[in-house]
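Each chain, written out:
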Amino acid sequence: MADQAVPTAAREWHLAARPQGWPTPADFALVEAPVRQPGPGEILVRNEYLSVDPYMRGRMNDVKSYVPPFQLGRVMDGGAVGRVVASEAEGIEPGDAVLHGAGWREYATVDAKHAVKVDAQAAPLSYYLGVLGMPGLTAYAGLLDVADFKPGDSVFVSGAAGAVGSLVGQIAKLKGASRVVGSAGSAEKVARLTGEYGFDAAFNYKDGPVREQLEKAAPEGIDVYFDNVGGEHLEAAISSLKVHGRATLCGAIAQYNDTSAPTGPRNLALAIGKRLRLQGMLVGDHAALQPQFTAEVAGWLRDGSLTYDETVVDGVENAAEAFIGLLRGGNTGKMVVRLGG
Ligand code: NDP
């Protein structure tokens, strides 16, 4: 069954060039493409929110990684939520809200097996791209499972005003951390960390050496470091971690646009004597935690114990700018693109 209001063509973003260093708008092209009606087992979705995420920067490079690179001259993809406008799939009806992976476009024809119905009554649709979605599970699993957080731990998180980081710090507080310290890139973000998010201390990493600022903010040292940034932050955390400290290596955004190989943490040998555990993570490995995560985080949202921010950019035509803005720190909380209609 098709919806009469569906246009025959709609806009989608293609990768126009592979960036060297920082991406620019010229690396992306907004293209008009036919809207394909669904075949058997497929649904047609009018996207309402598109996700832009740091990992997409890696996909712009032509290198093998845990997600395949975007193809030059082809439509990009990524998380999106929207409403089904036509369905040839059992169990999904026009009007249903779904989360799927065909973002960066206004309309998506997707295999229903790759779409998940979400409850638009329980939360705003965009939350399924953030606090109730991939970044939320990353924070939850990365702290509780990977870093093996225990009540009483002292926790440091970088990228702390972003989608993942803001949740890591708040979840640590809710779970009984003795101290939570965060770093972010502006005075406004730092104020939000110690204000609405309830961190015990926070600093702007642009104000001076991270190591000195962290030592001041956590004079007794830290048990857990949640790394979203890499580089100088990771080196500082290795210095401040206590014996048997644990670090979740979640992201290294400080080096995503580097054109030369980064120097590793120069103090890595400290990990030997301190018996540190530095553990990489990929959120996809933690799907088994999803039900527990959803129940607990949705409960915190309902009772107001978790603050969740979004930075909303309007219009599909602004998606590339939103993505570049995310890499430059233009967001507080989750960066999403809202589509009209
Ligand atoms: P954020 O919402 O945190 O947005 C990115 C933020 O990074 C910006 O707002 C900016 O904030 C900060 N940033 C940019 N450049 C630097 C820099 N040089 N030094 C320090 N901070 C910088 O994004 P997400 O919450 O979605 O992702 C956070 C991290 O988690 C990323 O590294 C991402 O790749 C990773 N990730 C990993 C997953 C996994 O499975 N391993 C899954 C999801 C995310 P500021 O103004 O503070 O500089």
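Residues numbered from 1 in each chain as written. Predicted model: local features only at pLDDT ≥ 70, side-chain atom pairs only at ≥ 80, totals over all residues. Heavy atoms only, no water.

**What to know about the domain arrangement of the protein chain**
Quoted interface sizes are often the accessible area lost when the parts come together.
Point 1. In terms of domains, the protein chain is made up of domain 1 (9–130 + 308–338) and domain 2 (134–284).
Point 2. On the domain 2 side, the residues contacting the 20 residues of domain 1 number 15 residues.
Point 3. Interface area, domain 1 with domain 2, both sides summed: about 1,400 Å², of which 58% is carbon and sulfur.
Point 4. The tally of links from domain 1 across to domain 2 stands at 1 salt bridge.
Point 5. Here Asp 309 ties to Arg 192 by a salt bridge, and the two come within 2.5 Å at their closest N and O atoms.
Point 6. For the interface between domain 1 and domain 2, the tally reads 7 residue pairs in polar contact (both at pLDDT 80 or more).
Point 7. When its residues are assigned to classes, the side of domain 1 that touches domain 2 shows 9 nonpolar, 7 polar and 4 charged. (Domains from an automatic or database assignment. Contact = heavy atoms within 4.5 Å. Buried area = accessible area lost by both parts, 1.4 Å probe. Salt bridge = Lys/Arg side-chain N within 4 Å of Asp/Glu carboxyl O. Polar contact = N/O pair within 3.5 Å; in protein donor to acceptor, adjacent residues only side chain to side chain. Nonpolar A, V, L, I, M, F, W, Y, C, P; charged D, E, K, R; others polar.)

**Regarding the site of the ligand**
Point 1. Around the ligand, the structure places 26 residues, and the nearest of them are Lys 189, Tyr 205, Tyr 256, Val 283 and Asn 331.
Point 2. Within the backbone of Asn 228, an N or O atom sits 2.9 Å from an oxygen atom of the ligand.
Point 3. Taking Cys 250, its main chain carries an N or O atom lying 3.0 Å from a nitrogen atom of the ligand.
Point 4. Its free accessible area being 910 Å², the ligand has 91% of it covered by the protein chains.
Point 5. Looking at the shell around the ligand, the elements that each hand over two or more residues are helix 2 (134–146), helix 3 (163–174) and helix 9 (319–327).
Point 6. Considered class by class, the residues forming the shell around the ligand number 17 nonpolar, 8 polar and 1 charged.
Point 7. When residues are assigned to domains, the shell around the ligand turns out to be shared by domain 1 (9–130 + 308–338) and domain 2 (134–284), each giving three or more. (Near = heavy atom within 4 Å. Areas by Shrake-Rupley, 256 points an atom, 1.4 Å probe, with all protein chains shown as cover. Helix = DSSP H or I, 4+ residues; strand = E, 2+ residues; numbered from the N terminus.)

**Here's the deal with the pattern of salt bridges**
Point 1. Counted under the stated rule, the structure contains 18 salt bridges.
Point 2. Salt-bridge contacts for Arg 11 lead to Glu 317; the nearest nitrogen and oxygen are separated by 3.7 Å. Pair noted here: Arg 11 is in strand 1 (residues 9–15) and Glu 317 is in the loop between strand 14 (310–314) and helix 9, with a separation of 306 residues, a long-range link.
Point 3. Between Lys 113 and Asp 111 there is a salt bridge; the shortest N-O distance is 3.7 Å.
Point 4. When its relative accessible area of 71% is taken as the criterion, Lys 113 is described as exposed.
Point 5. According to the relative accessible area criterion, Asp 111 is partly exposed, its value standing at 25%.
Point 6. Through salt bridges that share partners, Arg 11, Glu 106 and Glu 317 make up one connected network. (Buried < 20%, exposed > 50% of the residue type's maximum accessible area, 1.4 Å probe, protein only.)

**Here we look at the packing of aromatic side chains**
Point 1. Taken as a whole and judged by the stated rule, the model has 10 aromatic pairs.
Point 2. For the ring pair Phe 156 and Tyr 225, a centre distance of 5.1 Å and an interplane angle of 20 degrees mean the geometry is stacked. Taken together, the residues Phe 156 in strand 8 (residues 154–157) and Tyr 225 in strand 11 (residues 222–227) connect sequence positions 69 residues apart.
Point 3. By relative accessible area, Tyr 225 is classed as buried at 0%.
Point 4. Over the ring of Trp 22 we find Arg 328; its NZ or CZ atom is 4.0 Å from the centre of that ring. (Phe/Tyr/Trp six-rings, centres within 6.5 Å; stacked < 30°, edge-to-face > 60°. Lys NZ or Arg CZ within 6 Å of the ring centre and 35° of its normal.)

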